[in-house]
Amino acid sequence: VSPSGFNYSETMSTLEYAQSAKAIINKAKVNSIQQRLELKELREQHQKLTQLYNTEKENAHAMQAQLLATAEELDRLRAENDELRRRLFEIEATTQQVEVQLNTARGEVRELLTNKGAHGVGLTNARRDGAQMYIGRAKVSLKNIIEQTSDYLTLPLISDISD
């Protein structure tokens, strides 16, 4: 804008443009559709994450219960293992005692069989050194000795050879 007459046409053009620009009414409007879509997406994502959290929380509780049950089972199996080891030790000790008794009995039987005056029962087949030797079998079982239902020293001897 200039007061000189020389620039009159330009000044008028500028003032007309300013008048028309002044007449333009701008209405600012918030783009609520976009905000609603974003809010809806965020709510859906929140809901999915909440469901995932709850599912994982339930899985964690289930795994914790399973871990507790497994720990209890492990404790039970350890106790059972200890009991079985204790019983095995007892059986081994009993077996050793029975073996000692059996070896003692075998020695006594050998001693009785090598004696010349062994009551003459079941003695057959003279050996070269003149001692009698018993040929036959004894009704003795390891089970009866372990259970102590019979005394191996007083069991009758049965001969395989008829007299």
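Parameters and conventions
- Residues numbered from 1 in each chain as written.
- Predicted model: local features only at pLDDT ≥ 70, side-chain atom pairs only at ≥ 80, totals over all residues.
- Heavy atoms only, no water.
- Salt bridge = Lys/Arg side-chain N within 4 Å of Asp/Glu carboxyl O.
- Helix = DSSP H or I, 4+ residues; strand = E, 2+ residues; numbered from the N terminus.
- Buried < 20%, exposed > 50% of the residue type's maximum accessible area, 1.4 Å probe, protein only.
- Patch = residues over 30% accessible without salt bridge, like charges linked within 9 Å, V, L, I, M, F, W, Y side chains within 5 Å.
- Areas by Shrake-Rupley, 256 points an atom, 1.4 Å probe, with all protein chains shown as cover.

**Student:** When you look at the pattern of salt bridges in this model, what are you seeing that I'm missing?
**Tutor:** Between side chains of opposite charge, a pair can form as their charged atoms come close. Under the defined criterion, the tally for this structure stands at four salt bridges. For E73, the salt bridge goes to R76, with nearest N and O atoms at 2.5 Å. Note that E73 and R76 are positioned in helix 2 (residues 32–114) at a spacing of three residues, about one turn of the helix. What makes E73 partly exposed here is its relative accessible area of 36%. Among the ionic pairs, E83 bridges to R86, the shortest N-O distance being 2.3 Å. Here E83 pairs with R86, and both are found in helix 2, just three residues apart, close to one helical turn. Using a relative accessible area of 34% as the deciding quantity, one classes E83 as partly exposed. Bridged by salt links that share partners, the residues E73, R76 and E80 form one connected network.

**Student:** I would appreciate a short explanation of a nonpolar patch on the surface in the present structure.
**Tutor:** Residues Y8, M12 and L15 make up a contiguous nonpolar surface patch of roughly 290 Å² in combined accessible area. For L15, a relative accessible area of 44% puts it in the partly exposed group.

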